[in-house]
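Inside the fold
In case you want the letters, here they are:
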Amino acid sequence: MSDLTKQPANDPAKDAPAAVDATKDAPAAVDATPPAAVDPRLLVREQGFAGYLGDFRRRVRGGELGSLPVVIGLVVIAIVFQFKNSSFLSADSLANIGVYTSGLGIMAVGIVFVLLLGEIDLSVGSVAGVGAAVWAVLSVTKGVNDWLAVLIAIVVGLAIGALHGFFFAKIGVPAFVVTLAGFLGWSGLQIWMMGNEGSINTPSGSLVENLTGYYFEDKAAGYGLALVAVLAYAGSLLLDSRRRKAAALPARPLSEILLRTGVVAVIAFAVAYVLNEPAGARGLPLALVLFLGVLLLADFVVRRTTYGRQIFAVGGNAEAARRAGINVHRIRISVFAISGMLAAFGGLFIASLSGGATKNLGSGNTLMNVIAAAVIGGTSLFGGRGKIWSALLGMLVIQSIQQGLNLLGMASEIQYMITGAVLLAAVVIDSVSRRTQKTAGRT
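Predicted, not measured: the structure shown is a model, and the values here were computed from it. (Residues numbered from 1 in each chain as written. Predicted model: local features only at pLDDT ≥ 70, side-chain atom pairs only at ≥ 80, totals over all residues. Heavy atoms only, no water.)

1. A few points about the overall build of the chain
The helix and strand inventory of the chain stands at 18 helices and four strands. For the chain, restricting intrachain contacts to residue pairs at least 6 apart in sequence, the fraction spanning at least 24 positions comes to 77%. With an accessible surface of roughly 23300 Å², the chain has 65% of that area assigned to carbon and sulfur atoms. (Helix = DSSP H or I, 4+ residues; strand = E, 2+ residues; numbered from the N terminus. Contact = heavy atoms within 4.5 Å. Areas by Shrake-Rupley, 256 points an atom, 1.4 Å probe, with all protein chains shown as cover.)

2. Comments concerning the layout of surface pockets
Of the pockets and cavities examined, the second largest pocket occupies roughly 500 Å³. The wall of the second largest pocket is formed by 20 residues, among which Tyr-100, Leu-104, Asn-365, Asn-369 and Gln-402 lie closest to the centre. The set of elements that each furnish at least two residues to the lining of the second largest pocket consists of α5 (91-116), α15 (328-354), α16 (366-376), α17 (390-407) and α18 (412-439). Sort the elements by how many residues they give to the lining of the second largest pocket and α17 lands first, with four residues. Residues that form the lining of the second largest pocket fall into these classes: six nonpolar, 14 polar and no charged. (1 Å grid on protein atoms, 1.4 Å probe; cavity = no way out; pocket = protein on both sides within 12 Å on 5 of 7 lines; lining within 4 Å. Points joined across faces, edges and corners; volume = space filled by probe spheres on them. Nonpolar A, V, L, I, M, F, W, Y, C, P; charged D, E, K, R; others polar.)

3. Notes on helix α13 (residues 306-316)
Turning to α13, its buried residues are Tyr-307, Gly-308, Gln-310, Ile-311, Val-314 and Gly-315. Taken around the axis of α13, the buried residues stretch over an arc of 160 degrees, which confines them to a single face. In this fold, the buried residues of α13 make contact with α5, α12 (286-304), α14 (318-323) and α15. (Buried < 20%, exposed > 50% of the residue type's maximum accessible area, 1.4 Å probe, protein only. Arc of directions from axis to C-beta.)

4. Observations concerning the packing of α5 against α15
Between α5 and α15, whose axes approach to 8 Å, the crossing angle comes to 170 degrees. In this view, α5 runs roughly antiparallel relative to α15, as classed from their interaxial angle. The segment α5 lies against α15, with Val-99, Tyr-100, Ser-102, Gly-103, Leu-104, Ile-106, Met-107, Val-109, Gly-110, Ile-111, Phe-113 and Val-114 engaging Val-335, Phe-336, Ile-338, Ser-339, Leu-342, Ala-343, Phe-345, Gly-346, Gly-347, Phe-349, Ile-350 and Leu-353. (Axes fitted to C-alpha atoms, helices over the stretch in contact; angles between N-to-C directions. Parallel < 35°, antiparallel > 145°, perpendicular 65-115°, else oblique.)

5. Describing the environment of Thr-179
Looking at the element boundaries, Thr-179 is found in helix α8 (residues 175-194). Only 2.7 Å separates the side chain of Thr-179 from the backbone oxygen of Ala-175, close enough to count as a polar contact. (Polar contact = N/O pair within 3.5 Å; in protein donor to acceptor, adjacent residues only side chain to side chain.)

6. Description of the nonpolar core
Among the nonpolar cores identified, the biggest contains 85 residues, and Val-109, Phe-113, Trp-135, Ile-311, Ile-331, Val-335 and Ile-388 are the most heavily contacted of them. Sequence-distant contacts of Val-335, that is, excluding residues within four places in its chain, are made with Phe-113, Val-114, Leu-117, Tyr-307 and Ile-311. Listed in part, the six residues of the second largest apolar core include Ala-95, Val-99, Tyr-215 and Leu-288. (Core = buried A, V, L, I, M, F, W, Y, C linked by side-chain atoms within 4.5 Å.)

7. Observations regarding the packing of helix α6 (residues 124-141) against α15
Between α6 and α15, whose axes approach to 7 Å, the crossing angle comes to 60 degrees. Classified by the interaxial angle, the pair formed by α6 and α15 is oblique. When the axes of α6 and α15 are compared, the crossing they make is right-handed. For the pair formed by α6 and α15, the contact residues are Val-124, Val-127, Ala-128, Gly-131, Ala-132 and Trp-135 on the first element and Ser-339, Gly-340, Ala-343, Ala-344, Gly-347, Leu-348 and Ala-351 on the second. Split into classes, the residues belonging to the contact of α6 with α15 amount to nine nonpolar, four polar and no charged. (Left-handed = near helix turned anticlockwise from the far one by under 90°.)

8. Quick notes on the pattern of salt bridges
A side chain with one charge may pair with a side chain of the opposite charge, provided their charged atoms come close. Going through the model one piece at a time under the given rule, you end up with five salt bridges. Here Asp-299 ties to Arg-303 by a salt bridge, and the two come within 3.1 Å at their closest N and O atoms. Of this pair, Asp-299 and Arg-303 both sit in helix α12, four residues apart, which is roughly one turn of that helix. A network of salt bridges, in which partner residues are shared, links Glu-319, Arg-322 and Arg-323. (Salt bridge = Lys/Arg side-chain N within 4 Å of Asp/Glu carboxyl O.)

9. Points about a nonpolar patch on the surface
Together, Phe-176, Val-177, Leu-180, Phe-183 and Leu-184 make up an exposed nonpolar region whose accessible area comes to about 450 Å². With respect to the helices and strands, the residue Phe-183 is situated in helix α8. Looking at Phe-183, the relative accessible area reads 30%, which means it is partly exposed. (Patch = residues over 30% accessible without salt bridge, like charges linked within 9 Å, V, L, I, M, F, W, Y side chains within 5 Å.)

10. Notes on the environment of Ile-120
As for its position among the elements, Ile-120 is in the loop between α5 and α6. Note on Ile-120: relative accessible area 17%, which makes it buried. Spatially, the C-alpha atoms of Ile-120 and Val-177 are 9.8 Å apart, while their sequence positions differ by 57 residues.

11. Topic: the side chain of Ser-206
Structurally, the position occupied by Ser-206 is in the loop between β1 (199-201) and α9 (207-213). Only 2.9 Å separates the side chain of Ser-206 from the backbone oxygen of Pro-203, close enough to count as a polar contact. Beyond its immediate chain neighbours, meaning those up to four positions away, Ser-206 contacts Trp-135 and Asp-146.

12. As for the confidence of the model for the chain
On average, the chain scores 83 in pLDDT, and the residues at 70 or more come to 82%. Segment residues 12-20 is flagged for pLDDT under 50; beyond a separation of four residues in sequence, or across chains, it makes one contact in the model. Across residues 33-39, where pLDDT falls below 50, the model places one contact with residues more than four positions away in sequence or in other chains. (pLDDT = per-residue confidence, 0-100.)

13. Some points on α5
Under the 1.5 Å per step criterion, the end-to-end length of α5 is 35 Å for 26 residues, consistent within 8% with the ideal 38 Å. The largest bend along α5 reaches roughly 40 degrees and is located at Ser-102. Across the 26 residues that make up α5, a large majority, 23, are buried. Phi for Gly-118, located one or two positions after α5, is positive at around 80 degrees. (Expected span 1.5 Å × (residues − 1). Bend = angle between axes of the 7 residues up to and from the residue.)

Right, dumping it as structure tokens:
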């Protein structure tokens, strides 16, 4: 028998190594799941001022400049013109800036709403003229109650804006074409309403005259408004912080709230002091109070309501907004209605400043200044990005330039050229900012 046959069969059980406990001396199991990414922006407020400094750098690198360029521009404008003429920051000069800013600023608020949709309204100047004409004919010529005539004029502006929105949203006519046709058509209606005389003077003591002619001479009005503004701002910050904490979200630390409130308090009380204390100061202009009221109401609507968020959604991507269940047609029509309403209201301020309603009220550089204010203030021409306060910042830039050049005796054509250059710079900054954000992976 061969040697192979003599060898015993291999016993698997015998040859197998002793059983080893797999769990003995084995390394602890390692969780291969990567940790959830944490957006550094959510930790900014918890890191204090160092976090805000880092966040500021991140935003600048990413093209999120916000209102920083226009704020810097305002500071530079104030320094330059104050150096050239010491009267620039006087009580009378600041009051003039506030009054002349108000009417066009209210119209610019309406333009901000439209720009948030990524559209344009070229009819605001003509609608302002129609609003002033409606008030003048009803109140002065027909003897209608002044308050009622003002209300009807504003409602007419709202209806005109809604008509523009209807043709744009429902019929599909581009907003540029619709409002350009409105610019021409409503100008004709304005001229027809004014008749052969061509102008209707504002009666002394009338409601429209007081829009820009009334000043709160009592110092308590200016300081009281400043105090109310500071308290309201601090209250909104505290309320927002409490809500975020209740939702387990990072909230502003108390130190930041105090710092922000302190900055607002310094600005508010400094303006109140300049308007009240120096010799010859006229006090707080009613026009400025009304303008701030419109800004606060519009800002609340845009930032704190569902309707405001829907405006941003439609402006960012109309089709995505429609798929999300938003009534895009309703948003578009209502936004143009708001623009028309505020244009008519602003037209009453222009009539107050010019002493009455005329055939050419709202013409000239009115449209340019209104659109320029919204864009210079930081509202994007591409839609979906901007703030209501852009209207205030932009109008302050434009009116400060005009006021400063007037004090220096510069011609109006110089003002146009400088304003045009500032507008171009604002659009360039917006375009570069959007490109930088896309490069950084943001939209």
